Amino acid sequence: MLAAKIIPRPSITQTLPSANPNIRYSQKPSILSTSCLKSSSQSVLTEALSTTPAKTRVKILSEALPFIQKFRGKTVVVKYGGAAMKSEALQTSVITDLVLLSCIGLRIVFVHGGGPEINQWLNRLGIKPNFLNGLRVTDESTMEIVSMVLVGKVNKNLVGLINKAGATAVGLCGTDGRIFTAIPSPNAAQLGFVGEISSVDTSVLRPLINDNLIPVIASVAADGTGQSYNINADTAAGELAAALGAEKLLLLTDVAGILENKDDPESLVKEIDVRGVKKMMEDGKIAGGMIPKVNCCVKSLAQGVKTASIIDGRVEHSLLLEVLTDEGAGTMITG
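Residues numbered from 1 in each chain as written. Predicted model: local features only at pLDDT ≥ 70, side-chain atom pairs only at ≥ 80, totals over all residues. Heavy atoms only, no water.

S.K.: Whenever I open this one, the side chain of Asp 201 confuses me. Can you help?
M.R.: Position of Asp 201 among the secondary structure elements: in the loop between strand E8 (194-200) and helix H8 (205-210). At 2.8 Å, the side chain of Asp 201 forms a polar contact with the side chain of Ser 203. (Helix = DSSP H or I, 4+ residues; strand = E, 2+ residues; numbered from the N terminus. Polar contact = N/O pair within 3.5 Å; in protein donor to acceptor, adjacent residues only side chain to side chain.)

Right under this line is the structure:
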């Protein structure tokens, strides 16, 4: 896979339209978003702690302080998918975690796919989903459904849930602002409109991140001619984390993390460096669908991301466990 080229562009200057008496304009969006963030911070924290005894609350907050101080102001890219996307309870847990982390000062960027929902709509329309080596075979009609479902339905639903929880989210896809520029996969003859990322442009995202907004990005991108491509969401998150100089990349999955013995769920590897994880792949201890996730993490670390974690999206509040505790919720890979 080609390494994505990062394109610097001038910062965006915002202008407001002529005043309309029927429309309320905000002249200072950054102040507004900060104000909303403070109020949402209070409501989320109050809800989270309301059923906990007072002394326990103080102890929890005290123990979280070093982690809050460490990550405040740092960019964290979260890839959302798997079981956490299928279960309504887990989805609520993820959204609450995101808002809480944003409230305490982390700069969250949320990248998502939506395979199960795509399959559901393909079946409704009488189109049989096809896969090759774990990748969706995406012909022209399937690509149209992928764009409609990911960009028009899943993305806007997640934005609405985040806004409802008290933060402010902005829905985008890789095509917007040329966040991602795509090229056809080397296996395009078999896979159709499945793409890889050739370049990343973060100039649209940085003003949003700096204003404490949460970008929510669907993994669809276009090439130079405007042709849309289905992009692997793990790959999209990894490339974006590298381009943003993120502190952390977090991949939510359907497994506990990397296992020393793939047949023993109790053999979770809590932390490992790049050399160690490459050795595990050489020894055949990492196989199947875990290989592309590990490769994504290794590549992002090589491009400057500080740590990359594969975490168990089936565990409630797994994001908080990974960021705000020593225990974690999966496997953290370090450079």
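Alright, that's what it looks like, and here's the rest.
S.K.: Looking at this structure, I do not really get the side chain of Thr 253. What am I missing?
M.R.: Positionally, Thr 253 belongs in strand E12 (residues 248-253). At 3.2 Å, the side chain of Thr 253 and the backbone oxygen of Val 255 are in polar contact. Not counting chain neighbours up to four residues away, the residues in contact with Thr 253 comprise Lys 293, Ile 310, Ile 311, Asp 312, Gly 313 and Arg 314. (Contact = heavy atoms within 4.5 Å.)

S.K.: Any chance you could explain the nonpolar core here in plain terms?
M.R.: The biggest cluster of nonpolar side chains holds 45 residues, and the ones touching the most others in it are Leu 101, Phe 110, Ile 162 and Leu 319. Counting residues per element, this core draws most heavily on helix H6 (residues 140-165), at nine residues. Contact partners of Phe 110, with chain neighbours within four places excluded, come to Val 78, Tyr 80, Val 94, Ile 95, Leu 98, Leu 158, Ile 162, Ile 214, Pro 215, Val 216 and Ile 217. Membership of the second largest hydrophobic core comes to 44 residues, among which are Ile 217, Tyr 229, Ala 241 and Ala 243. (Core = buried A, V, L, I, M, F, W, Y, C linked by side-chain atoms within 4.5 Å. Buried < 20%, exposed > 50% of the residue type's maximum accessible area, 1.4 Å probe, protein only.)

S.K.: Where do I start with the sheet that holds E12 in this structure?
M.R.: Overall, mixed pairing links the eight strands, which are arranged E6-E9-E3-E2-E12-E14-E15-E13 in an open sheet. One side of each edge strand has no neighbouring strand; the edge strands of this open sheet are strand E6 (169-173) and strand E13 (271-273). The mean inter-strand angle of the sheet, taken between neighbouring strand axes irrespective of direction, is 20°. Together, E13 and strand E15 (330-334) form the strand contacts of helix H10 (residues 274-282), whose direction differs from that of E13 by roughly 90°. (Pairing = 2+ DSSP bridges. Axes fitted to C-alpha atoms, helices over the stretch in contact; angles between N-to-C directions.)

S.K.: I keep staring at the environment of Met 281 and nothing clicks. Help me out?
M.R.: Position of Met 281 relative to the elements: it lies in helix H10. Expressed as a C-alpha distance, the spacing of Met 281 and Asn 295, which sit 14 residues apart in the sequence, is 9.8 Å.

S.K.: Sorry, what's going on with the packing of aromatic side chains here?
M.R.: The geometry of an aromatic ring pair comes down to the distance between the two centres and the angle between the two planes. On inspection of all chains with the given rule, the structure shows two aromatic pairs. Pairing Phe 193 with Tyr 229 gives two aromatic rings, centres 6.0 Å apart and planes at 70°, and the pair type is edge-to-face. Note that Phe 193 is positioned in the loop between helix H7 (188-191) and E8 and Tyr 229 in strand E11 (residues 228-231), a separation of 36 residues in sequence. The exposure class assigned to Tyr 229 is buried, which follows from its relative accessible area of 6%. The ring of Trp 121 carries the charged tip of Arg 124 above its face, separated from the ring centre by 4.3 Å. (Phe/Tyr/Trp six-rings, centres within 6.5 Å; stacked < 30°, edge-to-face > 60°. Lys NZ or Arg CZ within 6 Å of the ring centre and 35° of its normal.)

S.K.: For this particular structure, what's the right way to read the pattern of salt bridges?
M.R.: When their charged atoms lie close together, side chains carrying opposite charge are able to pair. Across all of its chains, the model carries 11 salt bridges by this definition. For Lys 59, the salt bridge goes to Glu 63, with nearest N and O atoms at 2.5 Å. Taken together, the positions of Lys 59 and Glu 63, both in helix H2 (residues 54-71) and four residues apart, correspond to about one turn of that helix. Note that Asp 283 and Lys 279 form a salt bridge whose closest N and O atoms lie 2.8 Å from each other. Asp 283 gets classed as partly exposed once you look at its relative accessible area, which sits at 43%. The exposure class assigned to Lys 279 is partly exposed, which follows from its relative accessible area of 45%. Within this structure, Lys 74, Glu 247 and Lys 306 form a network of salt bridges that share partners. (Salt bridge = Lys/Arg side-chain N within 4 Å of Asp/Glu carboxyl O.)

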